[in-house]
Every structure is written in structure tokens, then in C-alpha cells.
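# Remarks on the overall topology
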Amino acid sequence: MQPTFSYGVFPLFLIVTLIFLFQIEGTQVGHLFPSSTLEFPKLQAERIIRGLNLFPELDVNIALNATANNKPKLVEKRIRFPYFSDSSTSVQELRHHAGYYKLLHSNSARMFYFFFESRNNRSNDPVVVWLTGGPGCSGSLALFYENGPFHIANNLSLVWNDYGWDKISNLIYVDQPIGTGFSYTSSKQDIRKSTQAASVDFYDFLLAFFLKHPQYKNNDFYITGESYAGHYIPAFSLRIHQANKNKRIRTKINLKGLAIGNGMTNPEIQYKAYADYALDMKLINQTYYVRLSKSLSRCQKLIKFCGNIIKIWVIYYRIVRTFKKLLWFRLHIKMPLTL
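What counts as what
Residues numbered from 1 in each chain as written. Predicted model: local features only at pLDDT ≥ 70, side-chain atom pairs only at ≥ 80, totals over all residues. Heavy atoms only, no water. UniProt positions renumbered as here; feature names shortened; annotations may be inferred. Helix = DSSP H or I, 4+ residues; strand = E, 2+ residues; numbered from the N terminus. Buried < 20%, exposed > 50% of the residue type's maximum accessible area, 1.4 Å probe, protein only. Contact = heavy atoms within 4.5 Å. Areas by Shrake-Rupley, 256 points an atom, 1.4 Å probe, with all protein chains shown as cover. Salt bridge = Lys/Arg side-chain N within 4 Å of Asp/Glu carboxyl O. Axes fitted to C-alpha atoms, helices over the stretch in contact; angles between N-to-C directions. Parallel < 35°, antiparallel > 145°, perpendicular 65-115°, else oblique. Left-handed = near helix turned anticlockwise from the far one by under 90°. Nonpolar A, V, L, I, M, F, W, Y, C, P; charged D, E, K, R; others polar. Core = buried A, V, L, I, M, F, W, Y, C linked by side-chain atoms within 4.5 Å. Phe/Tyr/Trp six-rings, centres within 6.5 Å; stacked < 30°, edge-to-face > 60°. Patch = residues over 30% accessible without salt bridge, like charges linked within 9 Å, V, L, I, M, F, W, Y side chains within 5 Å. Pairing = 2+ DSSP bridges.

Per an unreviewed UniProt entry, the chain goes by Carboxypeptidase and derives from Penstemon smallii. Looking at the Subcellular location (unreviewed entry) heading of the UniProt record, one finds this comment for the chain: "Secreted".

Right under this line is the structure:
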């Protein structure tokens, strides 16, 4: 997994777009803004974001002046969406939540999530986590444009998604790894550079989540996602599976399955199938198939080159870090500067 950068502009834009659509419980949003007050949507959006501590100022969501708290804690708030085309259903009864978890193995990282309890049979329906790819894409994208409870209508109201996964499951969207979406930290050391490191954070979050919602800990549990989640999902599932086999860990996550849509797992292998698939589906003719096949070798070489560049960068980073440590000792302890 490459160093993660956040699509930080999207969550703020989405909140501005939805200013008419939702309010946080206990937070007064107000009436529709007058057309003469152009700054009103932005001000109201900022108020909502601050209400959930969702206002990281930097694009990579690293809040440099955030106060570190060494005690892991999950803080969750009920949210409600009052502006619907269909007003026959009380949204407050559906138990929609948003929250932050202070990651255990971090300096001050907070992981953000949305949680929508099932519209059907929340006690018995499975718990499903959706992971958007990227790396660095917020779960808000899938929530409002793919499989979430709502869609955004042309008049900026929310309408029910007839195919929303919350109709048959308790649905969680997690902004991960840290630096994605609304998840943030005050330390750059908390930005994960491997899928394995991200899997530790994700597992810690799940333990905290089921501690907060113990009524769901025995429900069937599924991990789902798309694109770069093809990296995350196998690693996260393995982390859960290994922990479940550990007799010293009391909390067992009832992992039943995983699902990956158009997953990005190994492009060097996957890209080989693109030309065959396109030809079989009659998307291209034989001439284009031959041209694509000829370009495959160069594509694979570039993929390997990209991977080697990353490896070189990691080695360089480690050398620089070691040199800085030696230099510090040299300046403060007067020891010889040797490698």
C-alpha cells in the first residue's frame, strides 16, 4: 500500500451540498438559507462539521495542533436526516450514527465512521462493513452515490435508495486508513504505509465498535468493498481470522464472508485479462485486441518499475531516518558519527 493521501475536499463539499438535508442531534441547523446570503451554506456546513469534530484543515487530514489523548475511546452521536421526499417514515427511529474512535496503536489518530442500523430486522440482520478504495477515498462517496440508505435528488433533497444495503443489514462505512475522509491525526507517524498496519487499526476499531454495540457482536459479519479494497479486505479478513483463533482474545468477531467488487489486488496479473474480457464481451474487435496484447508487456514493465521506485523510496527513507538518529546522538552525546 502506498502512502495514503485523502480526498479531503470531497467530504466538505458533500456536507455543503447536504446542508439542507441533515442535522446532528442537539445541533440547530436553521431554516433554508436566503438567496441573498451566499456565505450561509458554508457557515452552516462548518457548524455541522465542528459538531462532530469533522473539520481537519489540511488536505491530508493531519491536524497538527490537535490535542493527543492516550486513552482509546469511541465517541458516537445520533444523526438524523429530516429533508426527505418521502416523509412517511420517521428517520429518528432508524438509528443512524456517526462517530470517532481514538486508535489504540497510534499517537493521536481518530478513525471516523457512519453506522446505519437495518431498516428490516436489526437484531438478526448481519453487520456489513463497506470499504471504499483509493487508497484514500471516503466512505461518504459510497454512502450517497452507491449502496447507502439515500440518494441525493436533483432538488438537493434525500430520497430513499430502494437498493440500499441497510434494508437487509446493519451497515458501517469506515474512513480508513488514517488520513482518509474525516479520519485524522495530529502525528504524521500515524499515516499508515502498509496494508498490514492498516489491518491492525481496522481490527482495533471493530473491537471498540462491538464493545459500544454488544447487541451485534454475535450477528453474522461481512467485509465488503471495491477497487483498492481488493488490498484491504483479504488482509483485514485474515487479521480477524487469526485473532479468532487466539484463545487469549475474548471478543470473537463472527466473520462469515467477504465480497470484493472490481478489486485492485495485483495489476500485473489482472491487466492480462483486460484484452480477453473486452474481446469476449464484444467491446472491441480483433484488431484492437492485437494492439492491446502488444502493449501488455510494456504495461507490466512499467508496473514493476513503479513498484521498484516505491521500494527504493522506502530504503532511502530508512537511511535518512537512521542518519538523523546518528546525527542527533553525535550532537547531544558527542559520539563518533559512524554508520
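Let us now look at the overall build of the chain. The helix and strand tally for the chain stands at eight helices and 10 strands. With 339 residues in all, the chain has 42% of them scored as buried. Sequence separation of 24 or more characterises 71% of the internal contacts of the chain that already satisfy a separation of 6 or more. Of the accessible surface of the chain, which amounts to about 19,200 Å², a share of 57% is contributed by carbon and sulfur atoms.

Under the counting rule described, the total for this entry stands at four salt bridges. Arg 122 is the partner of Glu 117 in a salt bridge, and the nearest nitrogen-oxygen pair spans 3.6 Å. Judged by relative accessible area, Glu 117 falls into the buried class, the value being 2%. Taking the relative accessible area as the measure of exposure, Arg 122 reaches 22% and is therefore partly exposed. Each of Arg 95, Glu 117 and Arg 122 takes part in salt bridges that share partners, so that together they form one network.

Running from N to C, helix α4 (residues 195–212) and helix α5 (residues 229–245) point in directions that differ by 55°, and their axes come no closer than 9 Å. It follows from the interaxial angle that α4 and α5 lie oblique. When the axes of α4 and α5 are compared, the crossing they make is right-handed. In contact with Thr 195, Ala 198, Ser 199, Val 200, Phe 202, Tyr 203 and Leu 206 of α4, α5 contributes His 231, Tyr 232, Ala 235, Phe 236, Arg 239, Ile 240 and Ala 243. Tallied by class, residues from the contact of α4 with α5 come to 10 nonpolar, three polar and one charged.

Counting 34 residues, the largest nonpolar core has Leu 131, Ile 172, Val 174, Phe 205 and Phe 221 as its most contacted members. Of all the secondary structure elements, the ones that give two or more residues to this core are β4 (110–116), β5 (127–131), β8 (170–175), α4, β9 (221–226) and α5. In terms of residue count, α4 provides more of this core than any other element does, eight residues in total. One finds Phe 114, Phe 116, Ala 142 and Leu 158 within the second-largest nonpolar core, a separate group that totals 18 residues.

What follows covers the packing of aromatic side chains. Tallying each qualifying case throughout the model produces 21 aromatic pairs. With centroids separated by 5.5 Å and ring planes inclined at 80°, the aromatic side chains of Tyr 100 and Tyr 184 adopt a geometry described as edge-to-face. With Tyr 100 in strand β3 (residues 96–102) and Tyr 184 in the loop between β8 and α4, the pair connects residues that are 84 residues apart, well separated along the chain. A single burial state applies to Tyr 100 and to Tyr 184, both of which are buried. By way of ring pairs, the aromatic residues Tyr 100, Phe 112, Phe 114, Phe 116, Phe 150, Trp 160, Tyr 173, Phe 182 and Tyr 184 are connected into one cluster.

Below, the discussion takes up a nonpolar patch on the surface. Taken together, the side chains of Tyr 277, Met 281 and Leu 283 define a hydrophobic patch exposed on the protein surface, amounting to about 370 Å² of accessible area. Along the chain, Met 281 turns up in the loop between α7 (272–280) and α8 (286–333). Residue classification places Met 281 among the partly exposed residues on the basis of a relative accessible area of 48%.

On to the pairing of β4, then. By the criterion of burial, β4 is predominantly enclosed, with seven of the seven residues buried. Here β4 shows no split at all, with Arg 110, Phe 112, Phe 114 and Phe 116 on one side and Met 111, Tyr 113 and Phe 115 on the other all buried. Bridging between β3 and β4 involves seven bridges; their strand directions are antiparallel. Directly across from Tyr 101, in β4, lies its bridge partner Met 111. Across five bridges, the pairing between β4 and β8 is antiparallel. From the neighbouring strand, Tyr 113 faces β8, where its bridge partner is Val 174.

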